[in-house]
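So the chains spell out like this:
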Amino acid sequence: MTVTVTTTINGDAEEFVCEADETLLDVLRDHLGLTGSKEGCATGDCGACSVMLDGRLVCSCLVLAAEAEGRQVETIEGMARGRELHPLQQKFLDAAALQCGICTPGFLVAAKALLERNPDPSETEVRYWLAGNLCRCTGYDKIVRAVLETAADMKSADMKSAGMKSAGMRSA
Amino acid sequence: MPEITLTQDPVHLRHGSNIGRPLTRRDGLLKVTGAARYAADNNPKGLLHAVVAVSTVARGRVVALDVEAAMAHPGVVEVMTPANRPALAGDPDAKPNPLVFRLDLLQSDRVRYAGQPIALVVAETLEAATEGAVLLAPRYESEPPAVGLDDGERFVPTAVGPGAPAELRHGDVEAGLAAAAQAIEATYETPPQYHNPMEPHAVVARWDGDRLTLDTPSQAMAMARLRLAALFGIPPENILIRSPFLGGGFGCKGLLSGPQVLGVMAARLVGRPVKLALTRAQLYGPVGHRSPTRQRLRLGADGEGRLTALEHHTLMSSSRFDEFFEPASNASHALYASPAIATLHEAVRLDCGTPMFMRAPGEAPGSAALESAVDEMAEACGLDPLEFRLRNYAEVEPTTGRPFSSKALRECYARGAERFGWERRPLAPRSLRDEHGLLVGWGVGTAIFPALMFEAEARAVIRRDGGGTVEIGACDMGQGAWTALAQIAADAVGLDGERVEFRSGSSDLPDGGIAGGSAHTATAGSAIHSAGAAVVARLAELAMADERSPLFGAGNAGVVARDGRLHRRDDESRSEGYAEILERAGLAEVEARGKGAMDAAAQQRYAMQAHGAVFAEVKVDPDLGQVRVTRLVGAFAAGRIINPRMVVSQYYGGMIWGVSFALHEQAVMDRRSGRPMNADLAGYHIPVNADLPALETILVEEEDPHVNALGIKGVGEIGITGTVGAIANAVWHATGVRVRQFPITLDRLLG
Ligand code: FES
Ligand code: FES
């Protein structure tokens with residue numbers, strides 16, 4: 001049985017036809033050319049397929065493509081704004097917090113989800129939040145540091161812009 | 001040709017500004033944006049999907065497959081079985097040399113291990129192929145399998161690992177033990193382990209007549225190409241393998257696996273491009289594993305704590321139909337001084353897939369046992385384990401008397417111990433507690449890994465526009481070949497990194513050799529280095545023979561290549577740019593090739609090893625037996641470091657593999673079916689972020705003039721060695737309980 005799905009992927013309206021039993025991961029990779037999400041296990045154990053579904057971090061290998069109907073999907077391909085990398089991507093790049101890189105998209109999507117709900121995580125919080133992402137290479141240490149440093153950078157950037165805003169309000 | 005010595009003399013590298021810099025990854029941008037294309041990310045037009053059906057029994061015959069049911073499933077295009085598979089020109093069971101492994105390519109109905117491919121379904125979609133494979137509903141005639149080390153008849157293999165003798169005896173062990181003031185005997189067990197790269201093996205294969213193009217991860221493209229050429233009876237030049245990025249390899253992508261070839265056969269059968277990607281569960285069988293081992297160590301020491309004898313015996317397994325013997329005892333060859341050393345191996349044959357090189361083959365389990373035993377010996381002598389290791393420091397290679405080409409192990413011990421705070425360690429076990437009442441233990445292990453080299457070739461070009469190109473079919477499996485080799489390339493041709501186009505990752509480039517044995521940077525790097533030296537020599541030849549060049553007649557003094565110019569070595573103010581030299585010679589470019597290989601004479605004269613010292617702290621819950629590693633410090637000396645950033649990642653990765661070996665990973669075999677009971681990432685535990693502390697590595701400087709022109713040893717595998725023992729020893733120090741079975745799980749600790 002095929003189904004037609006209307007959804008939003010990385011902010012763009014998208015319509016696709018898929019089998020009722022196809023996973024979101026397979027549709028992203030095989031039909032939509034979004035191969036940044038990887039399959040490491042297809043059983044929800046490795047996190048390589050991590051995407052956001054309506055703002056919630058999910059393993060796309062455990063989501064049916066049909067479930068994306070009417071919802072917002074965000075993948076690694078949507079993480080940078082044009083050529084401007086997300087601060088996490090930039091930090092992973094600068095710190096070389098990746099090796100073979102096959103787990104990297106999953107880590108980045110998961111780390112972004114963490115910072116959105118907890119902009120100031122402790123090291124333990126980062127380690128536990130990212131416990132669902134496996135890296136056999138294994139670059140855990142640099143990944144954790146990259147996430148913590150990004151959080152710190154984003155916080156100080158926020159404080160600066162908040163400072164500027166309030167200064168601007170005063171002068172007005 | 002004028003007397004210049006660039007090819008041999010690395011002096012033109014002295015000012016090289018690329019080697020040694022902590023550059024970030026050149027492939028990083030592609031990887032953080034999801035744009036890096038791994039094998040399974042290729043979806044060419046007209047692609048069909050293939051799924052293998054694998055055996056659920058370990059020994060027997062397939063007596064029935066419901067091909068009709070599978071073919072009737074919508075979307076299924078073809079079912080490939082022994083009855084209709086394309087004919088092969090080469091016998092998949094032939095064994096022309098020890099590095100060719102027998103493959104299961106549907107040559108018969110025979111089943112030799114659980115997880116063996118027995119058929120393959122090709123369909124328009126992955127879902128249809130998957131369903132088709134289920135519908136095959138195979139029936140078997142099965143025989144009871146041999147599953148564990150006690151199930152087979154023992155024999156002494158003719159060779160272990162890649163061809164080392166199975167036995168080595170130096171001095172008289174029995175006499176050494178008889179004369180010892182203290183002697184111990186202990187037996188350690190390590191489980192079967194599976195490589196489990198995060199990227200399962202995948203192949204996208206396309207035939208055009210008798211030309212074959214495939215995207216597949218490979219740690220050795222030229223060897224893979226030769227194997228395919230032999231199997232399909234086509235010239236190697238007709239085959240193009242693209243492997244720009246591997247999603248991890250660790251040995252299981254070193255030699256082409258059966259399923260990768262099956263994908264190629266399926267593409268031939270259906271006449272369309274085919275993608276075959278293994279599932280996670282399907283990695284437990286046809287792509288190799290690390291054999292279980294049972295290692296018995298006998299050690300003797302005199303009254304001063306100096307070893308009088310060291311015997312290391314390993315029992316391990318290979319498959320019933322092929323040979324790979326984990327050379328675990330050989331970890332004892334070069335590490336501790338002892339007048340008598342014997343390393344012995346015995347094997348049994350089991351109904352399993354053939355074991356394979358897996359990160360630190362031999363050294364990983366061997367070091368786990370040796371480092372544990374050495375600690376037990378230190379305890380018997382009443383000595384601090386680090387002090388005991390220092391008393392048995394090998395000034396020369398103990399079994400041969402050869403000097404080491406370089407050995408900064410003493411510095412590794414000293415710097416690691418200082419960083420860790422080792423001198424505050426109480427001698428007695430079970431004497432440290434933290435503020436929550438957890439038992440705390442500190443352990444040390446010595447790391448060692450041979451500095452190997454294979455063979456590789458590279459091509460270097462310098463162009464009239466002042467830029468260069470360096471080509472080598474090298475493999476980046478995460479270690480950073482795209483980055484480190486490009487750094488070597490830039491220095492080799494005397495150019496800034498940005499001016500050199502570095503091409504790699506495909507089989508139409510010069511043979512980059514094998515990314516394995518921690519030897520890829522050394523081997524491919526040496527090939528690049530000599531290709532660069534040769535092309536610079538061509539350029540120098542042009543300049544020095546030309547009266548109009550400021551370098552005319554430099555002759556014996558020679559020249560140095562730097563920043564796109566050649567400088568007279570004896571007078572650096574006299575120089576000329578590459579562009580001018582080529583311009584005047586009327587040439588668009590000059591090119592040269594170079595090779596990298598081990599220097600056999602130096603190998604004869606010197607023992608070549610990388611070394612390190614790993615210090616671990618663990619905390620153990622005294623009631624529940626739960627173990628956590630809370631600190632891990634590794635100090636390593638491995639010759640010249642090309643890119644410290646990549647190297648630290650390699651050490652971290654190795655050390656975490658050590659944590660995994662010590663505390664987490666094992667395949668649990670079902671003795672009746674011969675199947676692993678935990679063939680998934682839920683049951684086969686590898687550490688996650690939450691299992692680990694922050695790690696520390698120290699790069700101890702070491703210059704080695706003998707290993708190769710660049711002074712490079714390997715860094716990819718050494719991190720596991722030492723770490724496993726350090727953790728096991730820390731667990732003992734925390735609890736007073738010596739667990740001799742890996743992984744050290746809480747039931748073993750409490751039991
Ligand atoms: S592929 Fe989805 S969790 Fe592993
Ligand atoms: S970088 Fe290779 S699995 Fe994480």
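Residues numbered from 1 in each chain as written. Chains lettered and ligands numbered in written order. Predicted model: local features only at pLDDT ≥ 70, side-chain atom pairs only at ≥ 80, totals over all residues.

An unreviewed UniProt entry lists chain B under the name Xanthine dehydrogenase, molybdenum binding subunit apoprotein, with Tistlia consotensis USBA 355 given as the organism.

By the naming in an unreviewed UniProt entry, chain A goes by Carbon-monoxide dehydrogenase small subunit and is assigned to Tistlia consotensis USBA 355.

A. The overall build of chain A, seen in detail. For chain A, the count of helices and strands is 5 helices and 5 strands. In chain A, the succession of helices and strands from N to C terminus is β-β-α-β-β-β-α-α-α-α. In chain A, of all internal contacts separated by at least 6 residues, the share reaching a separation of at least 24 is 59%. (Helix = DSSP H or I, 4+ residues; strand = E, 2+ residues; numbered from the N terminus. Contact = placed C-beta atoms within 7 Å.)

B. Representation of the overall build of chain B within the structure. A tally of helices and strands in chain B yields 16 helices and 27 strands. Over its C-alpha atoms chain B spans a radius of gyration of 27 Å, differing by no more than 12% from the 27 Å that the globule rule assigns to 751 residues. Judged by the C-alpha coordinates and their principal axes, chain B covers about 85 × 75 × 50 Å. Buried residues in chain B amount to 60% of all 751 residues. Sequence-distant contacts, at least 24 apart, represent 82% of the contacts inside chain B between residues at least 6 apart. (Rg over C-alpha atoms; globule rule 2.2 N^0.38 Å. Buried ≥ 20, exposed ≤ 12 C-beta atoms within 10 Å, placed from the backbone.)

C. Up close: the environment of Met52(A). Residue and element names in this part refer to chain A. You can see Met-52 is positioned in strand 3 (residues 50-53). Here the alpha-carbon distance between Met-52 and Thr-4, two residues 48 residues apart in the chain, equals 21 Å. Here Met-52 is in contact with Leu-57, Glu-74, Val-109 and Ala-113, once residues within four sequence places are set aside.

D. Structural detail: the pairing of strand 25 (residues 609-620) of chain B. Residues and elements named next belong to chain B. Within strand 25, 12 of the 12 residues are buried, which leaves it mostly tucked inside the rest of the structure. Covered by surrounding structure in strand 25 are Gln-609, His-611, Ala-613, Phe-615, Glu-617 and Lys-619 together with Ala-610, Gly-612, Val-614, Ala-616, Val-618 and Val-620, the residues of both alternating faces. Of the strand pairs in this sheet, strand 25 and strand 26 (residues 627-637) are connected by 10 bridges, and their pairing is antiparallel. If you follow Ala-616 over to strand 26, its bridge partner there is Leu-632. Taking the residues between adjacent antiparallel strands as the criterion, strand 25 and strand 26 are bridged by 6 residues, where Gly-625 takes a positive phi near 75°. (Pairing = 2+ DSSP bridges.)

E. Quick look at the nonpolar core. Residues and elements named next belong to chain B. If you look at the biggest cluster of nonpolar residues, it comprises 302 residues, and the most contacted ones within it are Val-121, Val-493 and Ile-727. For this core, the element with the highest residue contribution is helix 11 (residues 520-544), accounting for 14 residues. Setting aside anything within four residues of it in sequence, one finds Val-493 in contact with Ala-460, Ile-462, Gly-468, Val-470, Val-500, Gly-532, Val-535, Val-536 and Ala-561. (Core = buried A, V, L, I, M, F, W, Y, C linked by C-beta atoms within 7 Å.)

F. A look at the packing of helix 11 of chain B against helix 12 (residues 578-585) of chain B. Residue and element names in this part refer to chain B. Relative orientation of the contacting elements helix 11 and helix 12 amounts to 65°, with a least axis distance of 10 Å. The crossing of helix 11 and helix 12 is left-handed. Touching Leu-539, Leu-542 and Ala-543 of helix 11 are Tyr-578, Ile-581 and Ala-585, all from helix 12. (Axes fitted to C-alpha atoms, helices over the stretch in contact; angles between N-to-C directions. Left-handed = near helix turned anticlockwise from the far one by under 90°.)

G. Highlighting the sheet that holds strand 13 (residues 293-301) of chain B. Residues and elements named next belong to chain B. Pairing is mixed in the open sheet, where 5 strands are placed in the order 7-15-14-13-8. The two strands at the open ends of the sheet, each matched to only one other strand, are strand 7 (168-170) and strand 8 (182-190). Taking the axes of each pair of neighbouring strands and ignoring which way they run, one obtains an average angle of 15° across the sheet. Across 3 bridges, strand 7 lies against strand 15 (residues 341-350) in antiparallel orientation. Among the inter-strand pairings, His-170 is bridged to a residue of strand 15, identified as Ile-341. Of the strands in this sheet, strand 8, strand 13 and strand 14 (307-319) touch helix 7 (residues 363-381), which is tilted by about 150° from strand 8.

H. Layout of the UniProt feature "domain: Aldehyde oxidase/xanthine dehydrogenase a/b hammerhead" (unreviewed entry) in chain B. Per the UniProt annotation, the sites labelled "domain: Aldehyde oxidase/xanthine dehydrogenase a/b hammerhead" (unreviewed entry) are residues 33-144 of chain B. Secondary structure content for residues 33-144 of chain B is 14% helix and 27% strand, while the C-alpha to C-alpha distance between its ends is 50 Å. (UniProt positions renumbered as here; feature names shortened; annotations may be inferred.)

I. Representation of the environment of Tyr38(B). On the secondary structure map, Tyr38(B) appears in the loop between helix 1 (28-32) and strand 1 (48-54). Distance from Tyr38(B) to Asp215(B), taken between C-alpha atoms, is 8.1 Å for residues 177 residues apart in sequence. When residues no more than four places from it in sequence are discounted, the contact partners of Tyr38(B) are Ile102(A), Glu199(B), Phe245(B) and Gly247(B).

J. Here's a closer look at the domain arrangement of chain B. All names here are of chain B. Domain parsing of chain B yields domain 1 (10-36 + 454-540 + 580-597), domain 2 (39-144 + 196-283) and domain 3 (168-175 + 289-452 + 604-750). Here domain 1 and domain 2 have C-alpha centroids that lie 34 Å from each other. Looking at the side of domain 1 that touches domain 2 residue by residue, the classes come out as 5 nonpolar, 7 polar and 4 charged. (Domains from an automatic or database assignment. Nonpolar A, V, L, I, M, F, W, Y, C, P; charged D, E, K, R; others polar.)

K. Main features of the confidence of the model for chain B. Residue and element names in this part refer to chain B. Here chain B averages 95 in pLDDT, while 98% of its residues score no lower than 70. Note on residues 1-15: pLDDT under 50 across the span, and 32 contacts to partners over four residues away in sequence or across chains. Here the complex is predicted with pTM 0.96, and the ipTM for its interfaces comes to 0.95. (pLDDT = per-residue confidence, 0-100.)

L. Layout of the environment of Glu123(A). Residues and elements named next belong to chain A. Along the chain, Glu-123 falls in helix 4 (residues 123-129). On the neighbour-count criterion, Glu-123 (14 C-beta atoms within 10 Å) is partly exposed. Excluding residues that lie within four positions of it along the chain, Glu-123 makes contacts with Val-144 and Leu-148.

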